Amino acid sequence: MLRLSEFVLLLVTILQCRTAFAETGNSSDASSPESTSPAAVVAAANTCIQLQHSLGTSIVQTISSGPQYSIAANAAWSAFNHEVNFQPTCIVFVNSTEHVQTAMKAIYSNNADYVVQSGGHSGMTGWNTIQDGVLISFSNMNATSYDPQTDTISMQPGISWGNASNIVEPFGVAPVGGRISNVGTGLLLGGGLSYLSPSEGYAADNYVSVDVVLVDGTLVTATASNQYADLFKALKGGGNRFGIVTQYVVKAVHVGTEQDKIYWGGIFVYPNSSVEALLPAIAHFAQDTNDTNAVLATDFIASWGASGVEPTIQFEMFYNGSAASFNESFAEFLSIPYTSSTAGPLSYLDLVNEVNFPYGEGNLFAGSVLTGVSSTSNETSNQLIDDYIETYRLFNNFSTTYANSTEIQGTLLSFTPVLQSQIRISYEKGGNVISPPRELGGFNEVLFAVTYSEGVNQAPENIEQGRQFWIENTPRTAGLPLFANEADANQQVLASYGEYEFLKQVYAKYDPSRFNMRHTPGPLGL
């Protein structure tokens, strides 16, 4: 039975969360506050009271009781996941794996809704914050260390890739991590694409062990060879559905220190007139490149300015080797007219810090995937190139349609090559659940992102209709996997995986009541 003080706290918490939600209005997003029920409100409040008793009010904070609450409630990269839309019933600032276990046991026993926030860099609304539920924040768990005896790097989930790389840089090593410095370790659970992927596979292929708190609060350590080997593999792309990872131990890659400028390359800016030549070159690179030292990232950007929509095309091209080798690997791109280049010698740390995404605006992602195309021209190749042209045309059409909108800041179309070398190395390292077909060759993951203007807290309905039109009509190569980290929340990413059936079996084993599918947002299909 609740004591009077606990009853008052429960009542105040419910009223505050309900009032705060009423002031934000409604949203059509499946993860939005309007989807919560009265039972969920009570379950979350009961859980928070229980956790404040067991962990203390400095660790478990509510909207009225803790100075860190507002900071954490607004810590997500996308403004759509800020406090104006979502007010967690409480935020648990975990300091240890034991705290995570305690939190999950309470959440599980009370049937409460919850989310986890590590880096907070998600384009999915409501995936790293919550209304009428518990937010587990890893902001205090961000330790990273290198062990020269095992040649491994240990990371807690609250660290960003930029900070992790900086910490281990003096040892001349780096983890296979994100291409954007302020992205967090959640990237690993989606598989992860890295500047090191052509030579090291997906980021998650480099796990050595993962500490996982299961849905009922049980702690296990999963490796490729112990009794949790199936869970170990499922966490290589399966997302957050299988438990909460509290420590990653990954293989270290020897990339040199900041003084070791072993790379050559930089950012190349192209005029809009080069689009027709660049799209085939992107397709050719994915299919024809077998060089594990060559790294490409592409950005077609539309920015809303005073004079209308302004296009920018910038490609990040890097080579682990000499300028001459760079020129050979990127010959097709270098033959296309460009307006400027920052090309020069770089360290791996320079690469990681080359591009950063600012915080503060609302963002939504959507994805597709296109097969690479051989540069040997034939009728089939030309038809496949048309898919790249159509993908760009639909992106450009979206930007043109909403050119007069004051609610959009910019759009991005990005092609990320997954080379045949990456696929081969991934299988050599034990494979993952993404499991691209070996026989189809390289391909490009496609990201379409919309960044909304400052002060826009929810995607306007008319703009959302245009975004959905892109998702529904953009070409997509059958049999190839979508990239979980760069997809819309409602796209069936897991079903596109080569190991989808295996993934479903593992999920049924570790979460037989489907608690996570019912109580936390994440990838669909399990």
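Residues numbered from 1 in each chain as written. Predicted model: local features only at pLDDT ≥ 70, side-chain atom pairs only at ≥ 80, totals over all residues. Heavy atoms only, no water.

### Re the overall build of the chain
Stage number 1. Scanning the chain from terminus to terminus reveals 17 helices and 19 strands.
Stage number 2. On C-alpha atoms alone, the chain measures out to a radius of gyration of 23 Å, which is about the 24 Å that the 2.2 N^0.38 rule sets for 526 residues.
Stage number 3. On the principal axes, the C-alpha backbone points of the chain span a range of 75 × 60 × 45 Å.
Stage number 4. With an accessible surface of roughly 19,700 Å², the chain has 51% of that area assigned to carbon and sulfur atoms.
Stage number 5. The distance from the centre of the 19 positive side-chain charges to the centre of the 46 negative ones in the chain is 11 Å. (Helix = DSSP H or I, 4+ residues; strand = E, 2+ residues; numbered from the N terminus. Rg over C-alpha atoms; globule rule 2.2 N^0.38 Å. Areas by Shrake-Rupley, 256 points an atom, 1.4 Å probe, with all protein chains shown as cover. Lys, Arg positive; Asp, Glu negative; His and termini not counted. Charge placed at Lys NZ, Arg CZ, Asp CG, Glu CD.)

### What to know about the pattern of salt bridges
Stage number 1. Counted under the stated rule, the structure contains ten salt bridges.
Stage number 2. Asp-230 is the partner of Lys-509 in a salt bridge, and the nearest nitrogen-oxygen pair spans 2.8 Å. In this pair, Lys-509 sits in helix 16 (residues 500–510) while Asp-230 sits in helix 8 (residues 229–234), placing the two residues 279 residues apart along the sequence.
Stage number 3. Lys-504 is paired through a salt bridge with Glu-501; the nearest N and O atoms lie 3.1 Å apart. (Salt bridge = Lys/Arg side-chain N within 4 Å of Asp/Glu carboxyl O.)

### Some words on the side chain of Gln-61
Stage number 1. Among the secondary structure elements, Gln-61 is positioned in strand 1 (residues 60–61).
Stage number 2. For Gln-61, a relative accessible area of 3% translates into the label buried.
Stage number 3. At 3.1 Å, the side chain of Gln-61 forms a polar contact with the backbone nitrogen of Gln-68.
Stage number 4. A distance of 3.5 Å separates the side chain of Gln-61 from the backbone nitrogen of Tyr-69, its partner in a polar contact. (Buried < 20%, exposed > 50% of the residue type's maximum accessible area, 1.4 Å probe, protein only. Polar contact = N/O pair within 3.5 Å; in protein donor to acceptor, adjacent residues only side chain to side chain.)

### Examining the state of the cysteines
Stage number 1. Going through the model one piece at a time under the given rule, you end up with one disulfide.
Stage number 2. Each disulfide pairs two cysteine sulfurs, and for Cys-48 the partner residue is Cys-90, the sulfurs being separated by 2.0 Å. With the S-S dihedral at roughly -80 degrees, the linkage between Cys-48 and Cys-90 falls on the left-handed side. Here Cys-48 is found in helix 2 (residues 38–55), whereas its partner Cys-90 is found in strand 2 (residues 90–93), with 42 residues between them in sequence.
Stage number 3. According to the relative accessible area criterion, Cys-48 is buried, its value standing at 4%. (Disulfide = S-S within 2.5 Å.)

### A word on the packing of helix 9 (residues 275–288) against helix 13 (residues 379–401)
Stage number 1. Where helix 9 meets helix 13, the closest approach of the two axes is 9 Å, and the angle between their N-to-C directions is 125 degrees. As judged from the angle between their axes, helix 9 and helix 13 are oblique. Two packed elements cross with a definite hand, and for helix 9 against helix 13 that hand is right-handed. Residues Val-275, Leu-279, Pro-280, Ile-282, Ala-283 and His-284 of helix 9 pack against Ile-385, Tyr-388, Ile-389 and Tyr-392 of helix 13.
Stage number 2. Residue classes in the contact of helix 9 with helix 13 are distributed as nine nonpolar, one polar and no charged. (Axes fitted to C-alpha atoms, helices over the stretch in contact; angles between N-to-C directions. Parallel < 35°, antiparallel > 145°, perpendicular 65-115°, else oblique. Left-handed = near helix turned anticlockwise from the far one by under 90°. Contact = heavy atoms within 4.5 Å. Nonpolar A, V, L, I, M, F, W, Y, C, P; charged D, E, K, R; others polar.)

### A word on the sheet that holds strand 6 (residues 152–155)
Stage number 1. Ordered in space as 5-6-10-8-9, the five strands form an open sheet in which the pairing is antiparallel. Edge positions in the open sheet fall to strand 5 (144–147) and strand 9 (219–222), since each of these has one partner strand only. Sheet twist, expressed as the mean angle between neighbouring strand axes with direction ignored, is 15 degrees.
Stage number 2. Two strands pair when backbone bridges link them, and strand 5 and strand 6 are joined in this way by four bridges, in the antiparallel orientation. Within strand 6, the residue paired with Tyr-146 across the bridge is Ile-153.
Stage number 3. Against the sheet, helix 5 (residues 161–168) engages strand 5 and strand 6, with an angle of about 40 degrees to strand 5. (Pairing = 2+ DSSP bridges.)

### Some words on the packing of aromatic side chains
Stage number 1. By the definition in use, this model includes 27 aromatic pairs.
Stage number 2. With centroids separated by 5.9 Å and ring planes inclined at 70 degrees, the aromatic side chains of Phe-315 and Phe-333 adopt a geometry described as edge-to-face. Highlighted residues: Phe-315 in strand 14 (residues 308–320) and Phe-333 in helix 11 (residues 331–334), separated in sequence by 18 residues.
Stage number 3. By relative accessible area, Phe-315 is classed as buried at 0%.
Stage number 4. For the pair Phe-398 and Phe-448, a centre-to-centre distance of 5.2 Å together with 80 degrees between the ring planes defines the contact as edge-to-face. Here the residue Phe-398 occupies a position in helix 13, and Phe-448 occupies one in strand 19 (residues 443–452), the gap between them amounting to 50 residues. A single burial state applies to Phe-398 and to Phe-448, both of which are buried.
Stage number 5. For Lys-233, the ring lying beneath its charged end belongs to Phe-502, and the centroid distance is 5.2 Å.
Stage number 6. The ring of Tyr-427 has Arg-438 sitting right over it, with the charged end atom 3.7 Å from the ring centre. (Phe/Tyr/Trp six-rings, centres within 6.5 Å; stacked < 30°, edge-to-face > 60°. Lys NZ or Arg CZ within 6 Å of the ring centre and 35° of its normal.)

### Some thoughts on the UniProt feature "domain: FAD-binding PCMH-type" (unreviewed entry) in the chain
Stage number 1. Here, the residues flagged by UniProt with the feature "domain: FAD-binding PCMH-type" (unreviewed entry) are residues 84–255.
Stage number 2. Between the end C-alpha atoms of residues 84–255 there is a gap of 42 Å, over a span that is 21% helix and 25% strand. (UniProt positions renumbered as here; feature names shortened; annotations may be inferred.)

### Some thoughts on the pairing of strand 13 (residues 294–305)
Stage number 1. Taking burial as the measure, the twelve residues of strand 13 include nine buried ones, the bulk of the element.
Stage number 2. When strand 13 meets strand 14, the two strands line up antiparallel, connected through twelve bridges. Counterpart to Ala-302 in the pairing with strand 14 is Pro-311.
Stage number 3. Note that strand 13 and strand 18 (residues 408–418) share four bridges and pair antiparallel. Residue pairing in the sheet places Phe-300 in a bridge with Leu-413 of strand 18.

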